[in-house]
Amino acid sequence: MDGFQAGRRRLLGAAAGVTALGASGVSLAAPSTAADWEAVARSYDIAGDFVNLENAYYGIMARPVAEDFKRNIDYLNRYNSMYLRRQFDRAGMEQLRALLAAHTGVAAEELAITRGATESLQNLICNYRLLRRGDTIMYANLDYDAMQYAMNDLAQRNGARVALVKMPEPVNRQAAIDVYEQAMLANPRTRLLLLTHINHRTGFVLPVAEIVKLAKARHIDVIVDVAQSWGQLDYKLPDLGADFIGANLHKWVGAPLGTGFLYIRKERLADIGVERGDEDYPASDIRSRVHSGTVNAAALMTIPAALKLHDDIGVANRGRRLRELRDHWVRQVRGLDGIQVLTPDEAGSYGAVTSFRLRGHTTFEQNVALSNRLFEQYRLFTVARKGPVGGACIRVTPGLFTRESDLEQLVLALKELSRTG
Ligand SMILES: Cc1ncc(COP(=O)(O)O)c(C=O)c1O
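All of these numbers come straight from a predicted model, not from anything done at the bench.

A. Layout of the sheet that holds strand 8 (residues 260-264). Spatially, the 7 strands line up as an open sheet ordered 2-8-7-6-5-3-4, and their pairing is mixed. For this open sheet the edge positions go to strand 2 (111-114) and strand 4 (161-165), each flanked by a neighbour on one side alone. Neighbouring strand axes in the sheet, compared pairwise and without regard to direction, differ in orientation by 15° on average. Summarising the sheet, strand 2 and strand 8 pair through 4 bridges and their orientation is antiparallel. What sits directly across from Ala 112, in strand 8, is Leu 262. In the packing of helix 4 (residues 63-104) onto the sheet, contacts are made with strand 2 and strand 8, and the angle to strand 2 comes to roughly 115°. Along the sheet face, helix 6 (residues 145-158) touches strand 3 (136-140), strand 4, strand 5 (190-196) and strand 6 (221-225) and points at about 170° away from the line of strand 3.

Okay, here's the thing in structure tokens:
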């Protein structure tokens, strides 16, 4: 086999591990019963000495994907730059873009591969070209910190103002739409709006398509952060209606760390400048909007295996299972006197991530202490988050390997803590 074929096999044969798993009697295709989900849970090689409820940071790879990643590391270590220069840098990256295009519902020419959502969104925000002195840009208190910094930087460089949207607490779909609409009315010179699809602090799913519609009617451009929603919610990029979107593949798609993409609608490419004067690609090519240098190619080579497994389970099934796990604990604690659940139960407004606080525990330090206590006393791993208007909170995020029995442990802990504080 010549090198190119070998390389193609490495890239395209990435689903081999998935097939092997199927052959070993585990069916991951469209799981629906408790036994199916137990089989999915067992396809993750997770540490057994604590309960991991912090799966919004990044996604553990299922075993077949992890095995493919290891094979790709070994292959790359043997074939080195010969493989990268002769195959992967061109044909391989193009195959990946085509694969992602099929998944996202947009053209490959509208996608560029990045190392994650931060790179995607920083490149979109910092290179946005239509801002003029005296314009306003808008984001919310709950948006991701690095994106807030990038928006502030953009405003400073262009002499623009920043308008901060404060998400109410409690929130629901209509309240969120209203608060953005009022902010747009109050800031008529708004040119650019940042939206976060699933919030990483509270788990709230923003009605992005509705807000984009309101923004577009006022000629406001929208950049959407889908870091927590891509791979978790069942949608295609055009459904959001936004022209600029940043995503990763290492959270809810379960690809290796250091994988993501950005989207720019074809007609809008000229409105995002090239990244740091890139000259590798013409300005008419979206690949000039990313210049990452030498990347973790083995991670990128594993994307097809991750997407294959993702498809086998089905994104709608995944989302349903994650919401089922989330409902399992939320249903039992929402009524407790001492507990405030920040994330609404309204259909379509939540996914896997949900946050809570002990009533009165509003400082970040109190929530860090509580998260530590949950870990030390109950072996439950969660994370403290700050930013909501009502104060800091604890974020709880199950994964596909989470069992109901794990969540019973959380319910027990929260019942005790709500009594004792
Ligand atoms: C809402 C949100 N945006 C952006 C990011 C950054 O993503 P990445 O790790 O892919 O850079 C995260 C990561 O936690 C996130 O939760």
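B. Just the pairing of strand 8, in detail. With 5 of 5 residues buried, strand 8 is to be regarded as a mostly interior element. As judged from the 5 bridges shared by strand 7 (residues 244-248) and strand 8, these two strands associate in the antiparallel manner. What sits directly across from Ala 247, in strand 8, is Phe 261.

C. The arrangement of the pattern of salt bridges in detail. Under the counting rule described, the total for this entry stands at 28 salt bridges. Taking the shortest distance from any N to any O, the salt bridge between Glu 38 and Arg 42 comes out at 3.6 Å. Placement of the pair is Glu 38 and Arg 42 together in helix 3 (residues 34-42), with a separation of 4 residues, close to one helical turn. For Glu 38, a relative accessible area of 29% puts it in the partly exposed group.

Basis of the calculations
- Residues numbered from 1 in each chain as written.
- Predicted model: local features only at pLDDT ≥ 70, side-chain atom pairs only at ≥ 80, totals over all residues.
- Heavy atoms only, no water.
- Pairing = 2+ DSSP bridges.
- Helix = DSSP H or I, 4+ residues; strand = E, 2+ residues; numbered from the N terminus.
- Axes fitted to C-alpha atoms, helices over the stretch in contact; angles between N-to-C directions.
- Contact = heavy atoms within 4.5 Å.
- Buried < 20%, exposed > 50% of the residue type's maximum accessible area, 1.4 Å probe, protein only.
- Salt bridge = Lys/Arg side-chain N within 4 Å of Asp/Glu carboxyl O.

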